[in-house]
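As a plain string of letters, each chain reads:
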2 protein chains.
Amino acid sequence: MRLVIARCSVDYVGRLTAHLPMAPRLILIKADGSVSIHADDRAFKPLNWMNPPCKLREETVADGPDQWTVTHGKSGEKLVLTIEEVMHDTSHELGKDPGLQKDGVESHLQELLAEHITTLGEGYTLIRREFPTAIGPVDILCRDAGNATVAVELKRRGDIDGVEQLTRYLELLNRDPQLAPVRGVFAAQEIKPQARVLAEDRGISCVVLDYDALRGIEPDVLRLF
Amino acid sequence: MRLVIARCSVDYVGRLTAHLPMAPRLILIKADGSVSIHADDRAFKPLNWMNPPCKLREETVADGPDQWTVTHGKSGEKLVLTIEEVMHDTSHELGKDPGLQKDGVESHLQELLAEHITTLGEGYTLIRREFPTAIGPVDILCRDAGNATVAVELKRRGDIDGVEQLTRYLELLNRDPQLAPVRGVFAAQEIKPQARVLAEDRGISCVVLDYDALRGIEPDVLRLF
DNA sequence: GCCTATATGTCGCAG
DNA sequence: CTGCGACGTATAGGC
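- Chain A is annotated in an unreviewed UniProt entry as Endonuclease NucS from Nocardiopsis codii.
- Taken from UniProt, the Function (unreviewed entry) comment for chain A reads in full: "Cleaves both 3' and 5' ssDNA extremities of branched DNA structures."
- Comment text from UniProt for chain A, heading Subcellular location (unreviewed entry), reads "Cytoplasm".

Set out below in structure tokens:
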């Protein structure tokens, strides 16, 4: 990893055209050849960048500022840095990173809801999780107290996309005479107003899930018995 | 901006739980207090990060590795770095960045098209940009030569999502007797074949926009008059 | 301040 | 290789 602090201007031509005026910035050159340019704010997003695989060519211009050109192999995207003054330039050997270990939430939420399906209403029974269809698996398929089929789409954040997804499933499932009529439930820890409007307009009910409460059920049950 | 190369392990607790085993990495501490941790690959995404506004507290433990804790004000998210060995630690004054100048983004396209609405056909007149509905704003609402309402969905890259979006708007707008019947136009610099098929199947016309030509109209007009 | 759409989103996975 | 969904999405622009 090479860290360069330099006064530079940057021109990107690719999916769009962008320009950074001359200013001091951090230029990050990684072992895989990727380059990113950071300002002194915002943790996540670089001002400019080039994803691997790409190649950096440094050109020393006799009578002017150096020019660094980063070219992306496949897409032809290009990043041109004009380096006016280098304030810092160090390289460091880091080695391969062991990688991030995540503790998922989404799948856990599905487990919990499947386990406590009556959260959706009294008398609900689980058919199965990840019920397979031609256009992808339905998160949860179950039956309500009246034995009608219910398809559940589960999200951490309930957005319009999720309603669309559930709508597609419902359309497909309702063609199956074994299952029809199938009702839809849109369940999420948080449901956006727009998504709620769309869902209800389509006769899909919305359920806001309390993750901590759901998780809390289990210990309670264990404690009681 | 402070650049630290260090052997560290990281624990994030917040929207999920994540752990990074001990390894050498770059720790980037920016002027706004934000922190990001980078491995030696992938330009764009840090392994771990904390967005501003957040606060970094450095603790020296008497008989063990230092511990840095980054806390996010609002959400209570937390990032804990255990620093085993610091290989590099420098700070640099960068100042406020003049910022990125972009060209060719949707908002600009929208401006241009609204300004030259007859690009869609002779006799077209603009009703308004960002026409509000319950499920979100329609990019452009206008009337054609025959005074029929036309809803335009604008994208840089025309994908299936955009067609779905426009379809939702059309369904809603067509319920309004003041506006109905409303026709749909899907306009983009580039339209994916699948999106075109879907759009045309739904009676939505597709228009490929030439950004340079659109942009070129104005100077040309100015030149002519 | 909250809310929503956009993004050079990126990333990973299945078909 | 492409399409699709998830992401600790982040971030900018409105209200």
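**Some words on helix α3 (residues 193-201) of chain B**
Residue and element names in this part refer to chain B.
So, point 1. Every buried residue of α3 is accounted for by A195, L198 and A199. Each buried residue of α3 sits inside an arc of 100° when the element is viewed along its axis, so together they form one side. For α3, the exposed residues set more than 90 degrees away from the buried face come down to P193, V197 and D201.
So, point 2. Looking at the packing, one finds that the buried side of α3 touches β11 (149-158), α2 (160-173), β12 (182-191) and β13 (205-208).

**Comments concerning the nonpolar core**
All names here are of chain A.
So, point 1. Formed by 21 residues in total, the largest nonpolar core has its most connected members in I27, L79 and L81.
So, point 2. Among the elements that line this core, the one with the most residues is strand β1 (residues 2-13), at 5 residues.
So, point 3. Leaving out residues up to four positions away in the same chain, I27 has contacts with R2, L3, V4, A6, C8, V35, S36, I37, W68, L81 and I83.

**A few points about the pattern of salt bridges**
Pairing is possible between side chains of opposite charge, provided their charged atoms come close.
So, point 1. Counted according to the given criterion, the structure contains 31 salt bridges over all chains.
So, point 2. Among the ionic pairs, E190 of chain B bridges to R157 of chain B, the shortest N-O distance being 3.8 Å. Residue E190 of chain B is found in strand β12, and its partner R157 of chain B is found in strand β11; the two are separated by 33 residues along the sequence.
So, point 3. Given a relative accessible area of 37%, E190 of chain B falls into the partly exposed group.
So, point 4. Here the salt bridges do not stand alone but share partners, grouping R2, E58 and D89 of chain A into one network.

**Remarks on the sheet that holds strand β9 (residues 125-131) of chain A**
Residues and elements named next belong to chain A.
So, point 1. If you walk across this open sheet you meet the 5 strands as β9-β10-β11-β12-β13, and the pairing is mixed. Edge positions in the sheet fall to β9 and β13 (205-208), since each has one partner strand and no second. Direction aside, neighbouring strands of the sheet carry axes that sit 30° apart on average.
So, point 2. The pairing of strand β11 (residues 149-158) with strand β12 (residues 182-191) spans 9 bridges and is classified as parallel. Note on β12: the bridge partner recorded for V152 is V185.

**Focus on the domain arrangement of chain A**
So, point 1. Domain assignment breaks chain A into domain 1 (2-91) and domain 2 (106-224).
So, point 2. The straight-line distance from the C-alpha centre of domain 1 of chain A to that of domain 2 of chain A is 47 Å.

**Some words on the relation of the copies chain B and chain A**
So, point 1. In screw terms, the move from chain B to chain A is a rotation of 169° and a rise of 0.8 Å along the axis, fitting with an RMSD of 2.7 Å.
So, point 2. Taken as a fraction of all interface residues of chain B, those also at the interface in chain A reach 86%, which identifies the copy contact as same-surface.

**Section: the interface of chain B and chain A**
So, point 1. Contacts between the two partners involve 58 residues from chain B, matched on the other side by 56 residues from chain A.
So, point 2. Together, the buried faces of chain B and chain A total about 5,000 Å²; carbon and sulfur atoms form 61% of this surface.
So, point 3. In this structure, the connection of chain B to chain A is made through 4 salt bridges.
So, point 4. Among the salt bridges present, the one from D201 of chain A reaches R175 of chain B, with a minimum N-O distance of 2.9 Å.
So, point 5. Only β1 (2-13), β2 (17-29), β3 (35-38), β4 (48-50), β7 (78-91), β8 (101-103) and α2 of chain B provide two or more residues apiece to the side of chain B that touches chain A.
So, point 6. Looking at which element gives the most residues to the side of chain B that touches chain A, the answer is β2 of chain B, with 11 residues.

**Points about the side chain of R168 of chain B**
So, point 1. The residue R168 of chain B is located in helix α2 in this model.
So, point 2. Among the polar contacts listed, one links the side chain of R168 of chain B to the side chain of E164 of chain A, at a separation of 2.4 Å.
So, point 3. Discounting residues that sit within four places of it in the chain, R168 of chain B has contacts with I160, E164, L198 and R202 of chain A together with I135 of chain B.

**Section: the sheet that holds strand β10 (residues 138-143) of chain B**
Two modes of strand pairing occur in sheets, parallel and antiparallel, and in both the strands are linked by backbone hydrogen bonds.
Residues and elements named next belong to chain B.
So, point 1. Taking strand neighbours across the sheet as the criterion, the 5 strands line up as β9-β10-β11-β12-β13 in an open arrangement whose pairing is mixed. One side of each edge strand has no neighbouring strand; the edge strands of this open sheet are β9 (125-131) and β13. Neighbouring strand axes in the sheet, compared pairwise and without regard to direction, differ in orientation by 30° on average.
So, point 2. Contacting β9, β10, β11 and β12, helix α1 (residues 106-115) crosses the sheet at an angle of about 140° to β11.
So, point 3. Packed on one face of the sheet, α3 meets β11, β12 and β13 and runs near 170° to β12.

The rules behind each value
- By convention here, each chain's residues receive numbers from 1 onward along its written sequence.
- Whichever chain is written first becomes A and whichever ligand is written first becomes 1, with later ones labelled in order.
- The predicted nature of this model means local features are confined to residues of pLDDT at least 70 and side-chain atom pairs, given and counted, to a pLDDT of 80 or more, with totals for whole chains, interfaces and linings taken over all residues.
- The basis for every side-chain value is the complete set of non-hydrogen atoms in the structure, without hydrogens or water.
- UniProt positions are given in the numbering used here, feature names are shortened, and annotations may be inferred rather than shown by experiment.
- Partly exposed describes any residue whose relative accessible area lies between the buried limit of under 20% and the exposed limit of over 50%, with all areas from a 1.4 Å probe on protein chains only and scaled to the type maximum.
- Helix and strand definitions follow DSSP, with helices as H or I runs of at least four residues and strands as E runs of at least two, each counted in order from the N terminus.
- The arc under discussion is defined with respect to the helix axis, by the directions toward the C-beta atoms.
- Every residue pair with non-hydrogen atoms within 4.5 Å of one another is taken to be in contact.
- We call a set of buried Ala, Val, Leu, Ile, Met, Phe, Trp, Tyr and Cys residues a nonpolar core when their side-chain atoms join them within 4.5 Å.
- For this analysis, a salt bridge means a side-chain nitrogen from Lys or Arg found within 4 Å of a carboxyl oxygen belonging to Asp or Glu.
- Here, strands pair whenever DSSP counts at least two bridges between them.
- Interaxial angles span 0 to 180 degrees and are taken between N-to-C directions of axes, which are lines fitted to C-alpha atoms, for helices over the stretch in contact.
- Domain start and end points were adopted from an automatic or database domain assignment.
- Least squares is the method used to superpose the copies, on C-alpha atoms of residues holding a pLDDT of at least 70 in both.
- In short, buried area is how much 1.4 Å probe accessible area vanishes from two parts on joining, totalled over both.
- Nitrogen and oxygen atoms within 3.5 Å of one another constitute a polar contact, given that in protein one can donate a hydrogen and the other can accept it, and given that sequence-neighbouring residues count only through two side-chain atoms.

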